[in-house]
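Structural features, examined
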Amino acid sequence: MNDKASLGRWSIFRFRPYLLYFIGHTISMLGTGMQFIATSWLAMELTGNSGAVAYVLIATSLPGILLSPLIGVYIDRFDRKWIAVLMDVFRAAVLVGIPVLWWQGLLEPWHLYTASFLVSLGDEVYTPAAMSLIREVLPPKALLYANSTNTIAMQAGALVGAALGGVIISLSSSVTVMLINAGSFLISGIFIVRIRKGLVIPSKAGSTIKAGVKTYWSEIRAGLAYIQGRHRLVIFYAMIFFIRMSLYTINVLLAPFAKDVLEVGSIGFGYIDACFAIGAVAGNLILPQITQAKGTNFVMVLGMSGTALAIMLFGFSVNLGMGMFIYFILGMFFQVGVLYLTRAQEETELSYQGRVHSTFNTLFSILSLGIYLGMAFLMQHYSFRLIYVVQGVVVAIAAITAFRVLYSKPKGVQNNVSG
């Protein structure tokens, strides 16, 4: 506790590798903030159907289902820095293809879905590689501040990007935004290259680089066995899923809700999404202090409960101002997920980081696919306001479950005390 308290928010920038990552990550997130709005708007323009947003998100969930186990093994085998750099270049190349097709008059919805799949594939590889890289170059006591600061960078980029994205779309087109995002990926790759020199192979995995299929499957089994014996790790990731599930849902609903219910257009859509980012920045600025003062369990339950209430209230928004305010509050509460990510990182050995993250990501992707398919159906048959209320109730049930799990005494505690 004393080490974490003495470290402080700004002192982590004394670690040069983290400073370089932070700069590249922030620039990349600026492009990504614009990308969500651009992809959602372009999908609706190409199809004339608000449900197309759900189909885009379905495409983004498929790589996690199909490839996460394979991704995890190879992240634990090879240098995480070069994996992250290659994925930045790959995602940039994919995004450039959409404007080319647009300018040739050849762009169709399936092109956009395919590009969303490929960019998501790059995300699925990049994210655990970058997380493992940060775990590698920083001491454990710096992880909470690093993760919360990373989220601030992500949301600050989303804040500026969302607002700019709506303006750029109204003045130019969605494909212009995609070109900008491609450039941001390339800049991110340049900074990551400079994080450190040399080649670093994760411990225990380096001896298996040339191994065949048999060793590959044995490594997957080893990763599953590692998770099976660590119940607290499972709990941390389960809570992360409930938080992500809510984010999946509101991402699907926001574009058509802003367009058809609030009737605020692409600029209003961008402003609402930007308010989530402002709330996320504010939430991450105070998260370490609140956690130290009140404890992790209290903050997690409070965050889940607040998220449930904010989602339900957003469904009753009647104008742009109300929607922006509630989305700001929602962004603050959502940041409780940083605590669970940090605890999961701290309790996972470096040589298992890739496999553990990818195993849970596979499960999340399968479940998220079901959520997107369900949302595509619900959006055609029920009002958006009702869906928000139902989603809030689901999160409220998760908050109650979290309270019971985190505050209940493990079996055997009473016996030990009485004995």
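What comes next concerns the included structure.

Basis of the calculations
- Residues numbered from 1 in each chain as written.
- Predicted model: local features only at pLDDT ≥ 70, side-chain atom pairs only at ≥ 80, totals over all residues.
- Heavy atoms only, no water.
- Patch = residues over 30% accessible without salt bridge, like charges linked within 9 Å, V, L, I, M, F, W, Y side chains within 5 Å.
- Areas by Shrake-Rupley, 256 points an atom, 1.4 Å probe, with all protein chains shown as cover.
- Salt bridge = Lys/Arg side-chain N within 4 Å of Asp/Glu carboxyl O.
- Helix = DSSP H or I, 4+ residues; strand = E, 2+ residues; numbered from the N terminus.
- Buried < 20%, exposed > 50% of the residue type's maximum accessible area, 1.4 Å probe, protein only.
- Expected span 1.5 Å × (residues − 1).
- Axes fitted to C-alpha atoms, helices over the stretch in contact; angles between N-to-C directions.
- Parallel < 35°, antiparallel > 145°, perpendicular 65-115°, else oblique.
- Left-handed = near helix turned anticlockwise from the far one by under 90°.
- Contact = heavy atoms within 4.5 Å.
- Nonpolar A, V, L, I, M, F, W, Y, C, P; charged D, E, K, R; others polar.
- 1 Å grid on protein atoms, 1.4 Å probe; cavity = no way out; pocket = protein on both sides within 12 Å on 5 of 7 lines; lining within 4 Å.
- Points joined across faces, edges and corners; volume = space filled by probe spheres on them.

In this section: a nonpolar patch on the surface. Taken together, the side chains of Val-96, Val-100, Trp-102, Trp-103 and Leu-179 present a nonpolar region at the surface, about 460 Å² in accessible area. With 4 residues, helix H4 (residues 80-103) is the single largest residue contributor to the nonpolar patch. For Val-100, the position within the fold is in helix H4. For Val-100, a relative accessible area of 41% puts it in the partly exposed group.

Attention now moves to helix H15 (residues 384-407). With 24 residues, H15 extends 35 Å from end C-alpha to end C-alpha; this agrees with the ideal 34 Å at 1.5 Å per step. Of all the residues in H15, the buried ones are Phe-384, Ile-387, Tyr-388, Gln-391, Gly-392, Val-395, Ala-398, Ala-399, Ala-402 and Leu-406.

Bringing the packing of helix H10 (residues 265-294) against helix H11 (residues 296-314) into the picture now. Two elements in contact, H10 and H11, have axes whose closest approach is 10 Å; the angle formed by their N-to-C orientations is 160 degrees. Between H10 and H11, the interaxial angle falls into the category roughly antiparallel. Considering how the two elements wind past one another, H10 and H11 form a crossing that is right-handed. Counted together, Ile-272, Leu-287, Ile-290, Thr-291 and Lys-294 of H10 and Thr-296, Phe-298, Val-299 and Phe-314 of H11 form the full contact between these two elements. Looking at the contact of H10 with H11 residue by residue, the class counts come to 6 nonpolar, 2 polar and 1 charged.

Evaluation of the coordinates by the stated rule reveals 3 salt bridges. Note that Arg-91 is salt-bridged to Asp-88, the shortest N-O span being 2.6 Å. Here Asp-88 and Arg-91 lie together in helix H4, a separation of 3 residues that amounts to about one turn. Among the residues examined, Arg-91 registers a relative accessible area of 4% and is labelled buried. Residue Arg-91 is joined to Asp-123 by a salt bridge in which the shortest nitrogen-to-oxygen separation is 2.6 Å. Linking Arg-91 in helix H4 with Asp-123 in helix H5 (residues 109-137), this pair joins segments that are 32 residues apart in sequence.

This paragraph deals with empty space enclosed by the protein. Taken as a whole and judged by the stated rule, the model has 2 cavities of 30 Å³ or more. Each pocket or cavity is described by its volume, and for the second largest cavity that value is around 60 Å³. Lining the second largest cavity are Pro-128, Met-131, Ser-132, Tyr-237, Leu-341, Ala-344, Gln-345, Thr-348, Gln-353, Val-356 and His-357. Secondary-structure elements contributing two or more residues to the lining of the second largest cavity are H5, helix H13 (337-346) and helix H14 (353-381). Partitioning the lining of the second largest cavity into residue classes produces 6 nonpolar, 5 polar and no charged.

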